[in-house]
Amino acid sequence: MKVLVTGGAGFIGSHLCERLLAAGHSVWALDNLDPFYDPEIKRGNLREITRISDRFHFVQGDITEPEPLRRLCHEVRFDQVVHLAARAGVRPSLEQPALYQRVNVEGTVHVLEAARESGVRKLVLASSSSVYGCNAKVPFAEDDPLTAPISPYAASKIACEALGHVYHHVYGLDVVMLRFFTVYGPRQRPDLAIHKFARLIREGRPVPVYGDGSSARDYTFITDILDGIEACMRQDFGFEIFNLGDSRPVRLDRLIELLEQALGRPAQRRWLPAQPGDVPITYADIRKAAARLGYQPRVPLEEGIRHFVAWLDRASPPPGPGSGGSSS
Ligand code: NAD
């Protein structure tokens, strides 16, 4: 199968490209290597994928520019598209709300249009647990009303879900929206808690703890997310929305303890007020994904954090005594 992965140089996208190549597919990653975090990290991800297979193709391009996207789709004639490219991040979306709408909403329209026009039959699109906002009921289920988003990022993902439905209803595309719950693992985005905190603890610098430590997240290991995406790609659904989470939320103070254990170092905590845009808890009801996708998260947080720390030590070894902090 020929698959387009938008955002394929990023955290989830680069892992997905590798997984699809291993399954024998030909994969095109479209990514503009945007500067939300260091593009060199994304180039490093691409180098790792390129080493694996000659069925991998990287196209540097921007989903907000419809023409090159359309040309690529017409030239290659993809069987499926997994659309992951986005401006991610809740707090930064409050600073650049219009940019988030342009990339996430307008960009998604261009991806859907290019797919439709070129005869793609199926798309899997990244949504987010943030669409639930301050949902009073836990765990969050796919049919809960989405009336309480609290960030421009969350609002942009709700719009993407609505657009996915439009393209299914009007054009008959098979569209699956996946609400990912805080994904972590090797190559995790450096702005996200586990990665950010691990680096700070290693360097002996204070970890910012927003709120009283009781906020909880449903941390989900990357390989479990990939299992869910692959399961969606194997079947036809018409239009469906699935939560992909671990379904075992963990408090922020517990997360920091687990990182201290895995890193073998104590954390210094810097207590700060809760941030606007942050929800108190995310907690996925995964019964629908279990029933329809056979989805079952396999990697508990304790184990996933050990994998993450092992990767971090390989990817950027901690400065040893007398090493001057350099590494080759
Ligand atoms: P990421 O930032 O590592 O990956 C996104 C990629 O999209 C990046 O490589 C970036 O360069 C690319 N991109 C951004 N704007 C683009 C544009 N205009 N044109 C082309 N490419 C562009 O983020 P990620 O964590 O891998 O997230 C992937 C998807 O999953 C996103 O849609 C995100 O909103 C969603 N998501 C992630 C999480 C999580 O915990 N990581 C949770 C919920 C949803």
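Here the structure is a predicted model, which is why all the values come from computation and not from measurement.

(A) Structural detail: the pattern of salt bridges. Tallied over the full model, the rule gives 27 salt bridges. Here Arg91 ties to Asp278 by a salt bridge, and the two come within 2.5 Å at their closest N and O atoms. Here Arg91 is found in helix α4 (residues 91-95), whereas its partner Asp278 is found in the loop between β13 (269-272) and α10 (287-293), with 187 residues between them in sequence. On the basis of relative accessibility, which here comes to 28%, the residue Arg91 falls in the partly exposed class.

(B) Looking closely at helix α5 (residues 97-117). Between the first and last C-alpha of α5 there are 29 Å, a value that for 21 residues agrees with the 30 Å anticipated at 1.5 Å per step. Of all the bends found along α5, the most pronounced is centred on Gly107 and spans about 25°. Just past α5, the residue Gly119 takes up positive phi, approximately 85°.

(C) Spatial organisation of the side chain of Asp144. Here Asp144 is to be found in the loop between β5 (122-128) and α6 (152-171). In terms of polar contacts, Asp144 uses its side chain to reach the side chain of Asn135, at 2.9 Å. Among the polar contacts listed, one links the side chain of Asp144 to the side chain of Lys137, at a separation of 2.9 Å. What Asp144 contacts, discounting residues up to four positions off in sequence, is Tyr132, Asn135, Lys137 and Pro139.

(D) Structural detail: empty space enclosed by the protein. Applying the stated criterion across every chain, the model contains one cavity of 30 Å³ or more. Residue lining of the largest cavity: His83, Leu84, Ala85, Ala86, Asn104, Thr108, Leu125, Ala126, Lys157, Cys160 and Met177, and that is the complete set. Mapped by element, the contributors of at least two residues to the lining of the largest cavity are α5, β5 and α6. The class makeup of the residues in the lining of the largest cavity is seven nonpolar, three polar and one charged.

(E) A look at the site of the ligand. Around the ligand, 29 residues are found, and the nearest of them are Asp31, Tyr37, Leu84, Tyr153 and Val183. Between the ligand and Asn32, the relevant distance is 3.2 Å, taken from a nitrogen atom to a main-chain nitrogen or oxygen of the residue. Contact with the protein chains hides 97% of the accessible area of the ligand, taken as 820 Å² for the molecule alone. Broken down by secondary-structure element, the contributors of at least two residues to the shell around the ligand are α1 (11-22), β5 and α6. Here the residues of the shell around the ligand are counted per class, giving 16 nonpolar, seven polar and six charged.

(F) Structural view of the layout of surface pockets. Within this model, the second largest pocket holds a volume of roughly 350 Å³. In this structure, the second largest pocket is lined by 15 residues; those nearest its centre are Ile41, Gly44, Asn45, Trp311 and Ala315. No other element matches the six residues that helix α2 (residues 39-52) contributes to the lining of the second largest pocket. Here the lining of the second largest pocket is composed, by residue class, of four nonpolar, five polar and six charged.

(G) A look at the side chain of Gln80. Structurally, Gln80 can be placed in strand β4 (residues 80-83). Excluding residues within four positions of it along the chain, Gln80 makes contact with Met1, Lys2, Val3, Leu4, Val120, Arg121, Lys122 and Met233.

(H) Structural view of the pairing of strand β3 (residues 56-60). Sheet topology places strand β2 (residues 26-31) next to β3; five bridges connect them, and they run parallel. Across the sheet, Ala29 pairs through a bridge with Phe58, a residue of β3. At this point the chain moves from β2, through α2, to the parallel β3, and the crossover so formed is right-handed.

(I) Looking closely at the environment of Asn135. Along the chain, the position of Asn135 falls in the loop between β5 and α6. For Asn135, a relative accessible area of 16% translates into the label buried. When the C-alpha positions of Asn135 and Val176 are compared, they lie 22 Å apart, and in sequence the two are 41 residues distant. Those residues in contact with Asn135 that sit more than four places away from it in its chain are Phe140, Asp144 and Pro145.

(J) Expanded view of the packing of α1 against α2. Packing of α1 against α2 leaves a shortest axis separation of 10 Å and a crossing angle of 5°. With respect to α2, the axis of α1 lies roughly parallel. Taken together, the residues of α2 that come into contact with α1 (itself represented by Ser14, Cys17, Glu18 and Leu21) are Asn45, Glu48, Ile49 and Ile52. When the residues that make up the contact of α1 with α2 are grouped by side-chain class, the tally is four nonpolar, two polar and two charged.

(K) Structural view of unusual backbone geometry. Residue Pro139 is bonded to the preceding Val138 through a cis peptide linkage, with omega at -10°. Along the chain, Pro139 falls in the loop between β5 and α6. Notably, Arg77 is not glycine yet its phi reads approximately 60°, a positive angle. In this fold, Arg77 is placed in the loop between α3 (66-76) and β4. Exposure remark for Arg77: the relative accessible area of 43% places this residue in the partly exposed category.

Definitions and limits used
Residues numbered from 1 in each chain as written. Predicted model: local features only at pLDDT ≥ 70, side-chain atom pairs only at ≥ 80, totals over all residues. Heavy atoms only, no water. Salt bridge = Lys/Arg side-chain N within 4 Å of Asp/Glu carboxyl O. Helix = DSSP H or I, 4+ residues; strand = E, 2+ residues; numbered from the N terminus. Buried < 20%, exposed > 50% of the residue type's maximum accessible area, 1.4 Å probe, protein only. Expected span 1.5 Å × (residues − 1). Bend = angle between axes of the 7 residues up to and from the residue. Polar contact = N/O pair within 3.5 Å; in protein donor to acceptor, adjacent residues only side chain to side chain. Contact = heavy atoms within 4.5 Å. 1 Å grid on protein atoms, 1.4 Å probe; cavity = no way out; pocket = protein on both sides within 12 Å on 5 of 7 lines; lining within 4 Å. Points joined across faces, edges and corners; volume = space filled by probe spheres on them. Nonpolar A, V, L, I, M, F, W, Y, C, P; charged D, E, K, R; others polar. Near = heavy atom within 4 Å. Areas by Shrake-Rupley, 256 points an atom, 1.4 Å probe, with all protein chains shown as cover. Pairing = 2+ DSSP bridges. Right-handed = clockwise from strand over helix to strand, strands pointing away. Axes fitted to C-alpha atoms, helices over the stretch in contact; angles between N-to-C directions. Parallel < 35°, antiparallel > 145°, perpendicular 65-115°, else oblique.

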